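# Understanding the architecture of this molecule
For reference, the chains in residue letters:
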Amino acid sequence: MTGRKFSQGAEFGSSGVHYRVWAPKSERVAVRITAAAGATRTLPLAGETDGYHSVLDSDGVAGDRFAYELNGGGAFPCPASRFQPEDVSGPSMVIDPQTFSWTDQEWLRPAFRELVIYELHVGTFTPDGTYRAAMERLPYLRELGVNALEVMPLADFPGEYNWGYDGVRLYAPARVYGQPDDLRALVDAAHGHGLAVILDVVYNHFGPDGNFLKQFSPDYFEGRHHTPWGEAINFSRSPQVRAYYEDNILYWMDEFHIDGFRLDATHTIFDDSPRHILAELAEIAHARGGYIIAEDEQNLAKVIESPAEGGIGMNAVWADDFHHTVDVALIEGSMYTGTFEGKLHELVNTLKNGWVHPPPWPAGGPRMNTACAHLPPEKFVFCISNHDQSGNRAFGERINHFISAETYRAASALLCLVPYTPLIFMGQEWGASTPFLYFTDHHDELGHLVAEGRRRDLRKFPIFERELAERDFPSPQARETFEQSKLQWEEAGQAGHGACLRLYRAALRLRREHGVFRPHDRARTKVAELSCEVLAIRARSETEEWLLLCDLRGGHRGDLRAESFCALPAGRQWHPVFSSNAPEFGGPEPGGYDPVSGHIVFQHPEVLVLRAE
């Protein structure tokens, strides 16, 4: 039928509600509709080409609830349901997206190079854990200095709490956080505060509970490849499946004004087609001026190379090597010990490239780490914490739970001022005391299997095996596990936490006000390990020249005059502008630096930023 926006779903218009679903194996498809007053009627759908079935309900209105009957059996929710008011296995609801009044007509997305990304989980970001509650924190986020929110997955999931990666309704905003218009209000308000909204989406598998797609067609999935979390999606041999996901990008951008996407575990999105589905999704997002970010543990440059270079064309990729080498350097018993050394030369290598290259491990493993130094630094998203890096620890600890305040400030300042795209995980900016644990709310049988599987996976790491022997394992199924992961916002105003927050604000302001910290390319940014075992990043523009010195361990000293990397023309000197150990940030005192003699002394871990004058 002409006039439809998407290949599947219930679309409300002036003529009623048009239902369309892909069910190629079903000879008879009907939709069972329940009106708001409670009356129920059933309409047969007419078969179309390519396995679609459709019908126009001229009496249909927004708010009607419906489910599909296939060959006379079942009552299945819509694969493209826009809302699940009861739960993911219950009836779907007809939604009119035109009732919301947008106010963001003048909104202009920041260039990707300008982004400072803040990752949050709606359910634990605020005490209420709703879209509307998150709106109240938008002025704070803008003042912090971020300009993009990366929201963990919202596709509706079973139960009352979940990370979001068990979603089964890709078009239905999670009901536990509010109504669809509440999400629209959050996005609209974010734009009003100058914040782009990036949605984390899971296109590599479906959750284990409430997924009925096989009832509509087994061709949603394929058996040639496998993911760690479920059956692989059939992108190679089904244009209808491709359309389902392509429409999903359009849906979120058109009906919710989402600015971009972070695609979960793209290395488990398999496609043998002449053109990879990821390239098509990137093209769709870019055609509307949006962003698209990959999570690809293989570290393949082609993911972020342009189509003209033979690449897929993603704006950026989560580049975890920065996190991993910092984690190993600072935390005894890091999960990444054995793969990463945590040595200064490794950090320098990462900062020169985007990830470690050439890789020190044998070829053929999951991490390829192809050459990437030819790509702009904005294409690599760096972090020192994210949902995985806390949640994948047995007890959900954040990095600040393991290290000194001085060390945390230094690592934080480094993240904020490297030329790569920084990502901050909610609460990181004040050194939150709360953990971020792994939590689910599955039915008892599945929940038991999930808890046992997680315990088994954690025992593969020696550090966690010891911890699990000494402490009670926090069950993912316990509501207490979810509640413990909620941020305690009163901390942000307390002495030590407040000082840490001031550091983040100051460092991000420095990044925002001086373009050398967010360069277009690598031509004017250089990285070196000084002879005194201090990291140095030198950045310049046509009018400014800056030098960042970082000692993550403390105790090093040197003479900048003896370092050719730091040399300045006669008559110019380096002058300190920022120190992570300044008293206003809770530090004991800034590191000793004498502009005349050039001597530097780092008694504690520190980042010191100098400007040539």
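One can find the structure itself at the top, above this paragraph.
Just so you know, these numbers come straight off a predicted model, no measurement behind them.

## Concerning the side chain of T268
- Structurally, T268 can be placed in the loop between β16 (260-263) and α7 (277-287).
- Given the relative accessible area of 6%, T268 is considered buried.
- Polar contacts involving the side chain of T268 include one to the main-chain carbonyl oxygen of A265, which spans 2.8 Å.
- Beyond its immediate stretch of four places on either side in the chain, T268 contacts N204, T227, P228 and W229.

## With respect to the state of the cysteines
- For the structure on display, the rule yields zero disulfides.
- The thiol sulfur of C416 is not disulfide-bonded, and the nearest other cysteine sulfur, from C500, lies at 9.3 Å.
- In this structure C416 comes out as buried when scored by relative accessible area, which is 0%.

## With respect to the sheet that holds strand β24 (residues 557-559)
- Pairing is antiparallel across the open sheet formed by three strands, whose spatial order is β24-β27-β26. Sheet topology places β24 and β26 (592-593) at the edges, where each strand pairs with a single neighbour.
- Of the strand pairs in this sheet, β24 and strand β27 (residues 599-601) are connected by three bridges, and their pairing is antiparallel. Each residue of the ladder has a partner; that of D559, found in β27, is H599.

## Structural notes on the nonpolar core
- Core analysis: the largest hydrophobic core is formed by 156 residues, its most contacted members being Y19, Y68, Y118, F261, L351, L414 and F578.
- Sorting elements by how many residues they give to this core places helix α6 (residues 239-256) first, with nine residues.
- Discounting residues that sit within four places of it in the chain, L351 has contacts with F322, F382, V418, Y420, R522, V527, L535 and I537.
- Within the second largest apolar cluster, 15 residues are counted, among which are L547, L560, Y593 and A612.

## Quick notes on the layout of surface pockets
- Quantified by volume, the largest pocket comes out at close to 1700 Å³.
- As for the largest pocket, its lining consists of 43 residues, of which P228, W229, D388, N392 and D457 are closest to the centre.
- When residues of the lining of the largest pocket are traced back to their parent elements, those giving at least two are α10 (387-391) and α12 (444-458).
- A total of eight residues in the lining of the largest pocket trace back to one element, the largest contributor, which is α12.
- A breakdown of the residues in the lining of the largest pocket according to their chemical character gives 19 nonpolar, 12 polar and 12 charged.

## Examining the sheet that holds strand β23 (residues 545-551)
- A sheet is described by the order of its strands in space; here five strands give the open sequence β21-β22-β23-β28-β25, paired in antiparallel fashion. Since the sheet does not close on itself, it has two edges, and those belong to β21 (525-529) and β25 (574-579), each with one partner. Each strand axis lies, on average, 20° off the axis of its neighbour in the sheet, ignoring direction.
- Sheet topology places β25 next to strand β28 (residues 606-612); five bridges connect them, and they run antiparallel. Bridging from a neighbouring strand, P576 pairs with L610 of β28.
- Helix α15 (residues 495-513) rests against β23, β25 and β28 of the sheet, and its axis sits at about 135° to β25.

## Regarding empty space enclosed by the protein
- Counting across every chain of the model gives three cavities of 30 Å³ or more.
- Put simply, the largest cavity is a space of about 100 Å³.
- Around the largest cavity, the lining is made up of 16 residues, and of these P153, A155, L170, V201 and V202 lie nearest the centre.
- A total of three residues in the lining of the largest cavity trace back to one element, the largest contributor, which is strand β13 (residues 196-201).
- Taken together, the residues of the lining of the largest cavity sort by class into 10 nonpolar, five polar and one charged.
- When its volume is computed, the second largest cavity comes out at roughly 70 Å³.
- As for the second largest cavity, its lining consists of L417, V418, P419, V516, F517, T525, I537, A539, W546, L547 and L548.
- A class-by-class count of the residues in the lining of the second largest cavity yields 10 nonpolar, one polar and no charged.

## Describing the environment of S433
- Its place among the elements puts S433 in the loop between β20 (421-425) and α12.
- Residue S433 is classed as partly exposed on the basis of its relative accessible area of 39%.
- Once residues lying within four places of it in the same chain are set aside, the contact partners of S433 are H401, Q488, E491 and H497.

## Quick look at the pattern of salt bridges
- Using the criterion set out here, one finds 34 salt bridges in the structure.
- Residue R132 pairs with D182 through a salt bridge whose shortest N-O separation is 2.8 Å. Placement of R132 in helix α2 (residues 131-135) and of D182 in helix α4 (residues 180-192) is noted, with a sequence separation of 50 residues between them.
- R132 sits in the partly exposed class, given a relative accessible area of 41%.
- Among the ionic pairs, R611 bridges to E613, the shortest N-O distance being 3.8 Å.

## So, the packing of aromatic side chains
- Inspection of every chain in the model, using the stated rule, returns 40 aromatic pairs.
- Note on F66 and Y68: the rings are 5.8 Å apart at their centroids and 80° apart in plane angle, and the pair reads as edge-to-face.
- Residue class for F66 comes out buried when judged on its relative accessible area of 1%.
- Through pairs of rings, three or more aromatic residues link up here, namely F6, W22, Y171, Y203, Y220, F235, Y244, Y245, Y251, W252 and F256.
- When the ring centre of Y52 is taken as reference, the NZ or CZ atom of R20 above it lies at 4.0 Å.
- For the cation-ring pair, R137 lies above W489, with the distance from its terminal atom to the ring centre recorded as 4.2 Å.

Definitions and cut-offs
Position numbers for residues count from 1 along each chain, tracking the sequence in the order it is written. Side-chain atom pairs in this predicted model are given and counted only at pLDDT of 80 or more, local residue features only at pLDDT of at least 70, and totals for whole chains, interfaces and linings cover all residues. Excluding hydrogens and water, the side-chain values take into account all heavy atoms of the structure. Secondary structure follows DSSP: runs of H or I at least 4 residues long count as helices, runs of E at least 2 residues long count as strands, and numbering of each begins at the N terminus. Accessible area is worked out with a 1.4 Å probe on protein chains only. A residue is then buried under 20% of its type maximum, exposed over 50%, and partly exposed in between. Think of a polar contact as two N or O atoms within 3.5 Å of one another; within protein, one of them needs to be a possible hydrogen donor and the other a possible acceptor, and neighboring residues in sequence only count if both atoms come from side chains. Pairs of residues are marked as contacts when any of their non-hydrogen atoms sit within 4.5 Å. Pairs of cysteine sulfur atoms within 2.5 Å are what we label disulfides. Note on pairing: two strands pair once DSSP finds at least 2 bridges between them. The criterion is simple. A nonpolar core is a set of buried Ala, Val, Leu, Ile, Met, Phe, Trp, Tyr and Cys residues joined through side-chain atoms within 4.5 Å. Cavities and pockets are found on a 1 Å grid laid over the protein atoms alone: a cavity is a set of points where a 1.4 Å probe fits but cannot escape, a pocket is an open set with protein on both sides within 12 Å along at least five of seven lines, and a lining residue has an atom within 4 Å of such a point. Grid points are joined across faces, edges and corners, and a volume is the space filled by probe spheres set on the points. All residues other than Ala, Val, Leu, Ile, Met, Phe, Trp, Tyr, Cys, Pro, Asp, Glu, Lys and Arg, Gly among them, are scored as polar; the first ten of these are nonpolar and the last four charged. Every axis corresponds to a line fitted to the C-alpha atoms, with the helix fit spanning only the stretch in contact, and the corresponding angles, defined between N-to-C directions, vary from 0 to 180 degrees. Criterion for a salt bridge: a side-chain nitrogen of Lys or Arg within 4 Å of a carboxyl oxygen of Asp or Glu. Working definition: a ring pair exists when centres of Phe, Tyr or Trp rings (six-membered ring for Trp) sit within 6.5 Å. Plane angles under 30 degrees give stacked, over 60 give edge-to-face, the rest tilted. Any Lys NZ or Arg CZ found within 6 Å of a ring centre and within 35 degrees of that ring's normal is scored as a charge over the ring.

That's the geometry; what it means functionally is another story.
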